[in-house]
Amino acid sequence: MKKKVLLMGKSGSGKTSMRSIIFANYIAKDTSRLGATIDVEHSHVRFLGNLVLNLWDCGGQEAFMENYFVSQRENIFRNVEVLIYVFDVESRDEELKRDLRYYETCLSAIYENSPSAKVFCLIHKMDLLQEDQRDKIFSDRENEIINMSKPVDCSCFKTSIWDETLYRAWSSIVYKLIPNVKELEQSLTLFADLMDGDEVLLFERATFLVISHCQRNLQRDIHRFEKVSNIIKQFKLSCSKVAAQFQSMEVRNSNFAAFIDLFTTNTYIMVIMSDPHIPSAATLLNIKNARKHFEKLERSSQSQQNKK
Amino acid sequence: MSFNRVEEESFSTTFDIGSLPKHYEFNEFISDEDTESDRDDLPRLVLMGLRGSGKTSIQKVVFQKMSPNETLFIGSNNSMLKDVVNNSAFVNFQICDFPGHFDFTDSEYDVQSILQGCQSLVFVIDAQDAIASALNRLHSVVTKAYKINKNIKFEVFIHKVDGLTEDTKMETQREIHQRANDDLVDSGDEQKIYISFHLTSIYDHSIFEAFSRVVQKMIPHYATLENFLNIIISTSGIEKAFLYDVKTKIYVATDSSPVDIQSYELCCDMIDVVIDLSNIYGLGENPGLMNDPAFDDQSSSLIKLNNGTILYLREVCSFLALVCILREDNFEKQRIIDYNFVILRKGIHKLFELKDKEKESIEPRKPPSYK
């Protein structure tokens, strides 16, 4: 099942950088080597087995933009599942006005050709602002964009390639695309109940985006999912420097034990236990036994999609 | 102690390694005093270098966990910054960060007395800038400092090398090394003054590696620690063992086999993972009570890689952790490794007690106030 995702925004706003970090294992520092995108770069990202994200990374130089809106209008904006528009937080005055105008044109094209598409706006490069100004500037921009987008619903995120905010935005985007989310969540809840876990997270294997979770006890940090995604992804990249991949991980102190393990062919799982007296071996065995069930779940959702 | 017995019965992987004796809180010496930054009895590390060479950024990144890209916002400082690093009994010193423009004759800074208590002088050179003026400066700093205190160890950080290619890195290092030594020969000091050079950047692990080497020279019992680690790797089938200060990711000691920068980086990244995850999930009910609630005496971690390597981390004492790299085959007898570790831990604790006693005998006027 292919889902078309449009990535748009003015030239130099960071579209290709964020795509490379999330889907192509770049580290933030290396994105400085990326050149400008010419016209549209297509990439297919296999995500959770049968779900394929068809990413259209649209180069943002003016000449291309005009082209998208006029001669290629149908081709680009038809059958879109998700539109992601990237704003550079640093653009001001004239530049910003032009950017908003492009966004408006984009929206009307989407509205004509794929009315059911979901729209996400990312206010990018937040790291360039002083920390104390970030929230204010973001909420100003957000209001402006949401007002402009009416009647289309759009969700705004503040992002930066240098911290976990990028994962937060992309996790929410991807979450809306997964077909059998409900079923996955039910199974996870059952699993967590059975083994008395505090929290169970399911990650997509390549991107480490959180695709499903189950929480049984209150946790302090509301941004923990994207933080964990970021932490693990960074570690995965450092493992790849020594030409290895990590298979499993166990971290504990006197308050908790966390287990991260390779799960199904497309996922990693993380289990948090707050009772440190439950031996590791028991939890690892539970994870091992649950694997079969989730693999079956994945297969059944794939065959369902194939029938369609 | 009752739950410890339960733990052993349920075949938990955590050993009862016992808590530290009450009288023996590592940070107590320091925490009793509020004016930490003015502690003059600590070993001292001096940071110098031209304006804009990156001294303050280095200090912020290494010791205050600032993320490297945030350092863009640090302005140049016009006065001397003092900071105390006292994470554990071993990593324990005062840093003096001099402003770039300062002059030895300047009466604003008490250079004489600062350098007298100084163990290590780190001179930072911006490798992307013109190095000639930096080298002149280096020479005058080194010769003047040597006149004041003959025991100072001189370290040069050839900094901001992230912007250079591999070839220019080597080239720059050779040139700086050569010219700094030529300057010393010209002034006739080459027999007395020895300078070590390190290539560094705040955007990777090189700055932590370089600081590790600087700090190791300041640790009085380094040889003993190294020997401890040699013993544990040979008895437990471990390939490489580091004793880390988890706060700064400086390694306080390692066994005597050569350090491979990649395994050092991997261990650093492992510590990041452990601390970050513990900060999210392991803070417990009252995180405010301890000075670092995420890392406690039960902290441990085990990571398996698909090439048969295992990374194993155990807490040694507040802020110190042993990180080992070993083959999966040798990890089958985890119980034996754990047992060996407990012995090592006891040994290191004894070393601390020894160090504390030394301190008392040197400073009889200032008995530590045990609670």
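Small disclaimer: the values here were computed from a predicted structure and weren't measured. (Residues numbered from 1 in each chain as written. Chains lettered and ligands numbered in written order. Predicted model: local features only at pLDDT ≥ 70, side-chain atom pairs only at ≥ 80, totals over all residues. Heavy atoms only, no water.)

Chemist: I would appreciate a short explanation of the overall build of chain B in the present structure.
Modeler: Looking only at helices and strands, chain B has 10 helices and 11 strands in total. Within chain B, residue pairs in contact and separated by at least 24 positions form 69% of the contacts whose partners lie at least 6 positions apart. Here chain B displays about 16800 Å² of accessible surface, and carbon together with sulfur accounts for 50% of that area. (Helix = DSSP H or I, 4+ residues; strand = E, 2+ residues; numbered from the N terminus. Contact = heavy atoms within 4.5 Å. Areas by Shrake-Rupley, 256 points an atom, 1.4 Å probe, with all protein chains shown as cover.)

Chemist: I tried to follow the overall build of chain A on my own but got confused; where do I start?
Modeler: Tallying secondary structure elements over chain A gives 9 helices and 11 strands in all. The C-alpha atoms of chain A give 21 Å as radius of gyration, which agrees with the globular expectation for 308 residues (19 Å, within 12%). When its C-alpha atoms are laid out on the principal axes, chain A stretches across 60 × 50 × 40 Å. Counting the 308 residues in chain A, one finds 56% classified as buried. Long-range pairs, those at least 24 residues apart, make up 68% of the contacts in chain A with a sequence separation of at least 6. When the accessible area of chain A is evaluated, it comes to approximately 13600 Å², of which 49% is carbon and sulfur surface. (Rg over C-alpha atoms; globule rule 2.2 N^0.38 Å. Buried < 20%, exposed > 50% of the residue type's maximum accessible area, 1.4 Å probe, protein only.)

Chemist: Would you explain the interface of chain A and chain B in this entry?
Modeler: A common way to express how large an interface is: the accessible area buried when the components associate. Contacts between chain A and chain B engage 42 residues on the former and 42 residues on the latter. For the pair chain A and chain B, the summed buried area comes to about 3500 Å², and 59% of that belongs to carbon and sulfur atoms. Our count for the chain A to chain B interface comes out at 1 salt bridge. With a closest N to O distance of 3.5 Å, B:Glu265 and A:Lys241 form a salt bridge. Along the contact surface separating chain A from chain B lie 12 residue pairs in polar contact (both at pLDDT 80 or more). Looking at the side of chain A that touches chain B, the elements that each hand over two or more residues are strand E7 (199–204), helix H8 (224–241), strand E9 (246–252) and strand E11 (267–273) of chain A. Broken down by element, the side of chain A that touches chain B gets its largest block of residues, 8 residues, from H8(A). For the side of chain A that touches chain B, the per-class residue count stands at 19 nonpolar, 11 polar and 12 charged. (Buried area = accessible area lost by both parts, 1.4 Å probe. Salt bridge = Lys/Arg side-chain N within 4 Å of Asp/Glu carboxyl O. Polar contact = N/O pair within 3.5 Å; in protein donor to acceptor, adjacent residues only side chain to side chain. Nonpolar A, V, L, I, M, F, W, Y, C, P; charged D, E, K, R; others polar.)

Chemist: I would appreciate a short explanation of the confidence of the model for chain B in the present structure.
Modeler: When pLDDT is low, close inspection of the predicted coordinates is not appropriate. Residue and element names in this part refer to chain B. Per-residue pLDDT for chain B has a mean of 79; in total, 80% of the residues score no lower than 70. Throughout residues 364–371 the model reports pLDDT below 50, and contacts reaching past four residues in sequence, or to other chains, amount to 10 contacts. Prediction confidence for the complex, expressed as pTM and ipTM, is 0.79 and 0.79 respectively. (pLDDT = per-residue confidence, 0-100.)

Chemist: Would you mind showing me how to read the sheet that holds strand E5 (residues 153–159) of chain B here?
Modeler: Strands in a sheet are paired, the pairing made by backbone hydrogen bonds, and the direction either parallel or antiparallel. Residues and elements named next belong to chain B. Reading across the sheet, the 6 strands line up as E2-E3-E1-E4-E5-E6 and stay open at both edges, with mixed pairing between neighbours. Strands at the two margins of the open sheet, each flanked by one partner only, are strand E2 (81–86) and strand E6 (195–199). Taken over all neighbouring pairs, the strand axes of this sheet differ in orientation by 20 degrees on average, direction set aside. Across 5 bridges, E5 lies against E6 in parallel orientation. Across the sheet, the residue bridging to glutamate 155 is serine 196, located in E6. (Pairing = 2+ DSSP bridges. Axes fitted to C-alpha atoms, helices over the stretch in contact; angles between N-to-C directions.)

Chemist: Before we go on, may I ask you to explain the pairing of strand E6 (residues 154–158) of chain A in this structure?
Modeler: The side chains of a regular strand alternate between the sheet's two faces. All names here are of chain A. Alignment of strand E5 (residues 118–124) against E6, held across 5 bridges, turns out to be parallel. Residue pairing in the sheet places cysteine 121 in a bridge with cysteine 156 of E6. Remark: the E5/helix H5 (residues 134–149)/E6 crossover connection has right-handed handedness. (Right-handed = clockwise from strand over helix to strand, strands pointing away.)

Chemist: Whenever I open this one, the pattern of salt bridges confuses me. Can you help?
Modeler: Pairs may arise between side chains of opposite charge once their charged atoms sit close together. Per the counting criterion, the structure on display carries 29 salt bridges over all chains. Ionic pairing is found between B:Lys65 and B:Asp272, a salt bridge with its closest N-O pair at 3.9 Å. Of the two residues, B:Lys65 sits in the loop between helix H3 (55–63) and E2 while B:Asp272 sits in helix H9 (residues 261–281), which places them 207 residues apart along the sequence. Judged by relative accessible area, B:Lys65 falls into the partly exposed class, the value being 47%. Measuring nitrogen to oxygen at the nearest pair gives 3.5 Å for the salt bridge that ties B:Lys240 to B:Asp255. With a gap of 15 residues between them, B:Lys240 in strand E7 (residues 238–245) and B:Asp255 in the loop between strand E8 (250–254) and H9 connect regions that are remote in the sequence. We classify B:Lys240 as buried; its relative accessible area is 6%. Given a relative accessible area of 2%, B:Asp255 falls into the buried group. Each member of the salt-bridge network shares a partner with another, and the members are A:Lys10, A:Asp88, A:Glu95 and A:Lys125.

Chemist: Would you mind showing me how to read unusual backbone geometry here?
Modeler: Most peptide bonds adopt trans geometry, and most residues besides glycine take a negative phi value. Despite not being glycine, A:Asn79 has its phi angle at roughly 55 degrees, a positive value. By the element assignment, A:Asn79 lies in the loop between helix H3 (73–77) and strand E4 (80–88). Residue A:Asn79 is classed as exposed on the basis of its relative accessible area of 60%. Although it is not a glycine, B:Lys249 sits at a positive phi angle of roughly 60 degrees. Checked against the element boundaries, B:Lys249 lands in the loop between E7 and E8.

Chemist: It is not clear to me how the nonpolar core should be interpreted in this structure. Could you clarify?
Modeler: Residues A:Phe235, A:Phe246, A:Met249, B:Phe211 and B:Leu322 are the most contacted members of the largest nonpolar core, which totals 94 residues. If you tally residues by element for this core, the top one is H9(B), at 12 residues. Among residues more than four places away in sequence, those in contact with A:Phe235 are A:Phe246, A:Met249, B:Leu266, B:Asp269, B:Met270, B:Val273, B:Ile303 and B:Leu311. Formed by 49 residues, the second largest nonpolar core is a distinct cluster that contains A:Leu53, A:Tyr167, A:Met195 and A:Val271. (Core = buried A, V, L, I, M, F, W, Y, C linked by side-chain atoms within 4.5 Å.)

Chemist: Explain the sheet that holds strand E2 (residues 40–47) of chain A to me, please; I cannot follow it from the model alone.
Modeler: Residues and elements named next belong to chain A. Taken together, the 6 strands give an open sheet; going across it, the order is E2-E3-E1-E4-E5-E6, and neighbouring strands pair in mixed fashion. Sheet topology places E2 and E6 at the edges, where each strand pairs with a single neighbour. For this sheet, the mean inter-axis angle between neighbouring strands, taken without regard to orientation, is 20 degrees. By the bridge criterion, 7 bridges tie E4 to E5 in an arrangement that is parallel. When the bridges of E5 are listed, tyrosine 85 appears paired with cysteine 121. The sheet strands contacting helix H1 (residues 15–23) are strand E1 (2–9), E2, strand E3 (51–58), E4 and E5, and the helix crosses E3 at an angle near 155 degrees. Seen against the sheet, helix H4 (residues 93–113) touches E1, E4, E5 and E6 and runs at an angle of roughly 175 degrees to E4.

Chemist: I tried to follow the environment of A:Lys227 on my own but got confused; where do I start?
Modeler: Mapped onto the elements of the fold, A:Lys227 is located in helix H8. Note on A:Lys227: relative accessible area 26%, which makes it partly exposed. Through-space distance from the C-alpha of A:Lys227 to that of A:Val271 is 15 Å; in sequence the pair is 44 residues apart. Once residues lying within four places of it in the same chain are set aside, the contact partners of A:Lys227 are A:Glu164, A:Asp221 and B:Ile280.

Chemist: Quick question: what am I supposed to make of the packing of helix H5 (residues 131–148) of chain B against helix H6 (residues 166–186) of chain B here?
Modeler: All names here are of chain B. Axis separation between H5 and H6 bottoms out at 10 Å; the angle between their running directions is 45 degrees. Considering their axes alone, H5 and H6 lie oblique with respect to each other. Of the two possible hands of crossing, H5 and H6 adopt the one that is right-handed. Note on element contacts: H6 touches H5 through Glu175, Ile176, Arg179, Ala180, Asp183 and Leu184, opposite Ile131, Ala132, Leu135, Leu138, His139 and Val142. A class-by-class count of the residues in the contact of H5 with H6 yields 8 nonpolar, 1 polar and 3 charged. (Parallel < 35°, antiparallel > 145°, perpendicular 65-115°, else oblique. Left-handed = near helix turned anticlockwise from the far one by under 90°.)

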